[in-house]
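Structural characterization, general
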Amino acid sequence: MCPAHRAGTQAAVLTAALTSVPPRLAGLGATLDSLLAQPEVGRVVLTLPRRYTRFAGPVTPPPLPDGVTLHWTYADIGPATKVLPLAARLAPHDPILICDDDWAYAPGWATGFAAAHAADPAAALAAQPFAARRIGRPRGVIAQGFAGVLVTPAMLGHLTPPPARFRPVDDVWLSALLAANGVEIRALPALRRFSRPTSNEAAPLQACGDRAALNAACATYCADRFGIWR
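Scope of this entry: the structure provided in the associated data block. Every value quoted in this text rests on a predicted model; they were computed, and no experiment measured them.

Rules used throughout
- Here the residue numbering is sequential within each chain, running from 1 through the sequence in written order.
- Where local features are concerned, this predicted model is filtered to residues with pLDDT of at least 70; where side-chain atom pairs are given and counted, the filter is 80 or more; whole-chain, interface and lining totals use all residues.
- Side-chain descriptors were evaluated using all non-hydrogen atoms of the structure, hydrogens and water having been removed beforehand.
- Throughout this description, buried means an accessible area under 20% of the type-specific maximum (1.4 Å probe, protein chains only), exposed means over 50%, and partly exposed covers the range between.
- Counting from the N terminus, the helices are DSSP H or I runs at least four residues long and the strands are E runs at least two residues long.
- In this analysis, strands are considered paired if DSSP registers two or more bridges between them.
- Note on handedness: a crossover is taken as right-handed if, strands pointing away from the viewer, the path from the first strand over the helix to the second is clockwise.
- Think of it this way: a Phe, Tyr or Trp ring, Trp meaning its six-membered ring, pairs with another when their centres are within 6.5 Å, and the plane angle makes it stacked under 30 degrees, edge-to-face over 60, tilted otherwise.
- We call a set of buried Ala, Val, Leu, Ile, Met, Phe, Trp, Tyr and Cys residues a nonpolar core when their side-chain atoms join them within 4.5 Å.
- By definition, residues are in contact when any of their heavy atoms lie within 4.5 Å.

1. Some words on the pairing of strand β2 (residues 41-49)
Every regular strand shows the same layout, with side chains that alternate between the two sheet faces. Summarising burial for β2: 7 of the 9 residues are buried, a large majority. Inspection of the sheet shows strand β1 (residues 14-18) paired to β2 by 5 bridges, in the parallel sense. Its bridge partner lying in β2, Thr15 is registered against Arg43. Handedness of the β-α-β unit built from β1, helix α1 (residues 29-36) and β2 comes out right-handed. Relative to strand β3 (residues 68-73), β2 runs parallel, the two being bridged by 6 bridges. Residue pairing for β3: Leu48 is matched across the bridge by Trp72.

2. Considerations on unusual backbone geometry
Of note in the backbone geometry, Leu159 takes a positive phi value of approximately 55° without being a glycine. When you line up the elements, Leu159 lands in the loop between β9 (149-151) and α4 (170-180). The backbone of Trp229 shows a phi angle near 55°, a positive value even though the residue is not glycine.

3. A look at the packing of aromatic side chains
Per the counting criterion, the structure on display carries 7 aromatic pairs. Note on Tyr105 and Trp109: the rings are 4.1 Å apart at their centroids and 25° apart in plane angle, and the pair reads as stacked. Judged by relative accessible area, Trp109 falls into the buried class, the value being 0%. Ring pairing ties together the aromatic residues Phe166, Trp173, Tyr221 and Phe226, which thus form one cluster.

4. Quick look at the nonpolar core
Grouped together as the largest cluster of nonpolar side chains are 39 residues, with contacts concentrated most on Val83, Leu84, Ile96, Val151, Leu156, Leu178 and Trp229. Those elements giving two or more residues to this core turn out to be α2 (84-87), β4 (96-98), β6 (124-126), β8 (141-143), β9, α4 and α5 (211-226). For this core, the leading source of residues is α4, giving 6 residues. When sequence neighbours within four positions are dropped, the list of residues in contact with Trp229 reads Arg137, Pro138, Arg139, Gly140, Val141, Ile142, Val172, Ser175, Ala176, Ala179, Ala219 and Cys222. The next biggest cluster of nonpolar side chains, apart from the first, holds 34 residues, and it includes Leu25, Val41, Leu125 and Leu150.

Geometric descriptors of this kind do not, in isolation, establish any biological role.
Written out as structure tokens, the structure reads:
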């Protein structure tokens, strides 16, 4: 049995997790405020690398609201920076609610995730998943992070970072880690309506050119490496 399948059913405090890039740091306010307003979110963690591969120079974040913890990491692994370094520091079954830095979340968003996790702690939860057949695999599910994804460190297995080529498509990579660890991704479509984009789009979180092609290439790589989505 996968370690993630041994979690208890008692509701737990959620850690909201996100990352960003230098051009977007000054515009995080709407997202951070929306996370801090969620009663079920016990802490908000912004994980940033000390240096980026896409941006030169040291990183200087703006003042952050009370209740937001800045977590520094030395490895820039693209958008997956929001969860993999943090998961390595948390207990195996601590729930992490992943989100994006250019979306805001209405009251009730974290409530829905917390309730679903308490009812089914063995499953990863996603407000906006899609079938992996969209990117060329005959089976499997991809959890999109922008509307919220709830995981635990145990669900992600060995917390393997993506190869440099696939850093931009973290949704595919993180979904592959879940699949490789035998974790089901459960859809929570009713929670999609709680998410809205902000204007924090000064730069893409990760430039990748043809995203659809890179998603498909990453899915094929993951299928071969992890023996999944066949």
